[in-house]
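Given next are the chains, with one letter for each unit.
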Amino acid sequence: MAAPRDPVAGNLRLYFHTHHGFEHERQIAATIIYKRNTPDGTVERIVVKYGKTAMDGDTIDTEEDILRSLWGAEHIIKLLSVVSNRQHSGRKWQEPFARELDNPNPILPWKLPISELNFPVAARSKFFIMEYLPRGTASELVERCEAMNIDEISEPLLWYFFLCLTRACVAMAYPPSARGREPPRVLREMIPRHRPRPILLGHWDLHLGNIMFGEYDDDPEAQPVCHQVTPILKVIDFGMSQYESTEEDSIFFNVRQTGEAIYELAIMDASLPDDDEDRGTFLIDDDLGWTPFLTFASEEFCRDPKYSQKFRHTVARCLAVDWHDRPNLQYLLNTCMEQADAIGNPYKLADEVNELFDFVPTNDDDGSEYEPSDESVGSDSF
């Protein structure tokens, strides 16, 4: 019998099936989605990210370490479990204080023992387990809109997305579990009042494919109410992330990429050039009533009357060519919070949200599918 092309994936599949009852459902590069049926008929899923080769180990270690420091941030994908081994024996790797409070009866233990005798390849590889997010990526959202001839997402909904992404940026600057802290629960990201020195963590890959949508909050007392109406947005994939020496390359570049994501959702185009040299620029001048600056946002967008001046100006500033012209986190957070509050009753967006997220079965050539209304099926991503 021929050996599997990817021996790590094969051994992981055997481990999760044998010890935890999970079946392999889908693999995307070095990320595997597993699912299992529970006695009450529901489906549980996990996401496992691993290093295919020994050379990938450092990258996995770094990403896992970052996710542990971000544990407790509401808008960052959640680390569910780590391997029980010497590497994870220190204080930092103790089970998060609020893990079971946040998620009673966790889907897996915090630390997973794995026998090197029974699963030698998996035991020697590097991997960690994350939560599953069922409603796909923001890039898939754009694709669904194009398939359904939806030519715009409403500004109120974009402000909700903007606020969620900004909170994720706040988490990267002030990680809830960094520096020995242990949050009492999963927290809504806010800039600390005493303003400690920020952590200079740059995501460096914050595009629509690394922005995902999860569940609704079905608690009628949940705050903010918008999470009862719109699925929560989370940032994923910290594989390219690194700690920088300047705010320009960390905080303000995260702000730039946040603005880029909202801009692409607003113009319904997820295929803009990655290289700044291939991008056009527009000089904001006095005729718009704004202090002049150069932005990567197009003139058409900056003058588009279907969006408010506040929205256009905030996005354009995030996309400023000179990082000094971009808004700082406090200003951006305050702006997004004010605009989200001004929306009023979020339930008026329910029909739009349902159309975008809950009634859109699609199948593409590679067999992936997106049908969140059927809990037995997942997104092409996690």
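Residues numbered from 1 in each chain as written. Predicted model: local features only at pLDDT ≥ 70, side-chain atom pairs only at ≥ 80, totals over all residues. Heavy atoms only, no water.

Outline the nonpolar core, supporting the account with residue identities and numerical values.
By size, the foremost hydrophobic cluster in this structure holds 90 residues, and its most contacted members are Ile153, Phe161, Leu265 and Phe311. Counting residues per element, this core draws most heavily on helix α6 (residues 155-173), at 15 residues. Non-local contacts of Phe161, meaning those with residues more than four positions away in its chain, are made with Leu141, Ile153, Phe213, Leu233, Ile262, Leu265 and Phe357. Core analysis: the second largest hydrophobic core is formed by 22 residues, Val8, Tyr34, Val83 and Ala122 among them. (Core = buried A, V, L, I, M, F, W, Y, C linked by side-chain atoms within 4.5 Å. Buried < 20%, exposed > 50% of the residue type's maximum accessible area, 1.4 Å probe, protein only. Helix = DSSP H or I, 4+ residues; strand = E, 2+ residues; numbered from the N terminus. Contact = heavy atoms within 4.5 Å.)

Kindly report on helix α11 (residues 329-342), identifying the contributing residues and their values.
For α11, built from 14 residues, the straight-helix expectation of 20 Å at 1.5 Å per residue is met to within 8% by its first-to-last C-alpha distance of 20 Å. The complete set of buried residues in α11 reads Leu329, Leu332, Leu333, Thr335, Cys336 and Ala340. End-on view of α11: buried residues confined to an arc of 165°, all on one side of the axis. Exposed residues lying more than 90 degrees from the buried face of α11 are Asp341 and Ala342. For α11, the elements touching its buried residues are α6, α8 (251-267) and α10 (309-318). Two or three places before Gln330, at the start of α11, stands the capping residue Asn328, its side-chain oxygen 3.2 Å from that residue's backbone nitrogen. The positive-phi residue at the C-terminal boundary of α11 is Gly344, with phi of around 85°. (Expected span 1.5 Å × (residues − 1). Arc of directions from axis to C-beta. Polar contact = N/O pair within 3.5 Å; in protein donor to acceptor, adjacent residues only side chain to side chain.)

So what about the packing of α10 against α11? Which residues, and what values?
Two elements in contact, α10 and α11, have axes separated by 12 Å at closest approach and are oriented at 155°. By the angle between their directions, the pair α10 and α11 is classed as roughly antiparallel. Crossing of α10 over α11 shows left-handed handedness. When α10 is examined against α11, the residues Lys310, Thr314, Arg317 and Cys318 are found in contact with a partner set consisting of Tyr331, Leu332, Thr335 and Gln339. Partitioning the contact of α10 with α11 into residue classes produces three nonpolar, three polar and two charged. (Axes fitted to C-alpha atoms, helices over the stretch in contact; angles between N-to-C directions. Parallel < 35°, antiparallel > 145°, perpendicular 65-115°, else oblique. Left-handed = near helix turned anticlockwise from the far one by under 90°. Nonpolar A, V, L, I, M, F, W, Y, C, P; charged D, E, K, R; others polar.)

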